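What follows is each chain in one-letter form.
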Amino acid sequence: MKVLDLRCGQGHGFEGWFASEDDFVRQHEQGLVECPLCGDKAIARLPSAPRLNLSGAKAPAQPQPPQQASSQAVTTTAANPSAAGLQALWMQAMREVIKNTEDVGTRFPEEARRIHYGETEARGIRGQATPEQRAELSEEGIDVLPLAIPDALKGPAH
């Protein structure tokens, strides 16, 4: 198994796991490798140092105690933002949006109006709308937040 450090054209860094170097090259050439944050397929491989087990090497340091709670870990990350920490927070937020909203697809403008005018129960929805449709909804007093959800989050969780 090869673990590669990758970066998309937007500067998001992430790891990719592949069966071999050839497997990465084949998938990359076929456009199958994409950024899990933004879906960009312009992926570059970053240099990485392999982990080598050499005889006579020192024993690994004692493991640190685990953090108390995942919410505290998020707070710590938010208090000390780094690129990786911000990406993790953004991915967590996107998962929450997906978990707590209904995907109404291209019916989004119609469904948003039905909710706004009390024709159906109020609930969180997400879907697709053109810039013109979003402007029309805004003129009607319907709040809409454009949000790009990466394709990697739209499928089943791994």
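Just above sits the structure.
The following paragraphs examine the structure supplied in this document. (Residues numbered from 1 in each chain as written. Predicted model: local features only at pLDDT ≥ 70, side-chain atom pairs only at ≥ 80, totals over all residues. Heavy atoms only, no water.)

## What to know about the pairing of strand β2 (residues 13–18)
Stage number 1. Across the two faces of β2 the burial differs, with Phe 14, Gly 16 and Phe 18 buried and Gly 13, Glu 15 and Trp 17 not buried at all.
Stage number 2. Relative to β2, strand β1 (residues 2–8) runs antiparallel, the two being bridged by 6 bridges. Bridge pairing in β2 places Leu 6 opposite Phe 14.
Stage number 3. The antiparallel hairpin formed by β1 and β2 contains 4 residues in its connecting segment, where Gly 11 sits at a positive phi of about 90°. (Buried < 20%, exposed > 50% of the residue type's maximum accessible area, 1.4 Å probe, protein only. Helix = DSSP H or I, 4+ residues; strand = E, 2+ residues; numbered from the N terminus. Pairing = 2+ DSSP bridges.)

## Things to note about the pairing of β1
Stage number 1. Both β1 and strand β3 (residues 43–45) contribute to a ladder of 3 bridges, which runs antiparallel. Paired with Cys 8 across the two strands is Ile 43, which belongs to β3.

## Focus on the packing of aromatic side chains
Aromatic rings in a pair are described by how distant their centres are and how their planes are angled relative to each other.
Stage number 1. Taken as a whole, this structure holds 1 aromatic pair when the rule is applied.
Stage number 2. Where Phe 18 meets Phe 24, the ring centres are 5.1 Å apart and the plane angle is 70°; that geometry is what we call edge-to-face. (Phe/Tyr/Trp six-rings, centres within 6.5 Å; stacked < 30°, edge-to-face > 60°.)

## Side note on the sheet that holds β2
Stage number 1. Taken together, the 3 strands give an open sheet; going across it, the order is β2-β1-β3, and neighbouring strands pair in antiparallel fashion. Each edge of the open sheet is held by one strand with a lone partner, namely β2 and β3. Within this sheet the neighbouring strands show an average axis-to-axis angle of 40°, counted without direction. (Axes fitted to C-alpha atoms, helices over the stretch in contact; angles between N-to-C directions.)

## Regarding the side chain of Thr 120
Stage number 1. Position of Thr 120 among the secondary structure elements: in the loop between α4 (108–116) and β5 (125–127).
Stage number 2. If we skip the residues at most four places from it in the chain, Thr 120 touches Glu 111, Arg 114 and Ile 115. (Contact = heavy atoms within 4.5 Å.)

## Topic: the packing of α4 against helix α5 (residues 131–139)
Stage number 1. Orientation of α4 relative to α5, taken along the N-to-C sense of each, is 10°, at an axis distance of 10 Å. Here α5 runs roughly parallel to α4, going by the angle between their axes. Contacts from Phe 108, Pro 109, Ala 112 and Arg 113 of α4 reach α5 at Gln 133, Glu 136 and Leu 137.
Stage number 2. Broken down by class, the residue content of the contact of α4 with α5 amounts to 4 nonpolar, 1 polar and 2 charged. (Parallel < 35°, antiparallel > 145°, perpendicular 65-115°, else oblique. Nonpolar A, V, L, I, M, F, W, Y, C, P; charged D, E, K, R; others polar.)

## Things to note about the layout of surface pockets
Stage number 1. Its volume calculated, the largest pocket comes out at about 630 Å³.
Stage number 2. Looking at the largest pocket, it is lined by 26 residues, and the ones nearest its centre are Phe 108, Ile 125, Arg 126, Gly 127 and Leu 145.
Stage number 3. Contributing elements (two or more residues each) for the lining of the largest pocket: α3 (83–99), α4, β5 and α6 (151–154).
Stage number 4. Take the lining of the largest pocket: its biggest share by element is 4 residues, from α4.
Stage number 5. Its residues placed into classes, the lining of the largest pocket shows 15 nonpolar, 5 polar and 6 charged. (1 Å grid on protein atoms, 1.4 Å probe; cavity = no way out; pocket = protein on both sides within 12 Å on 5 of 7 lines; lining within 4 Å. Points joined across faces, edges and corners; volume = space filled by probe spheres on them.)

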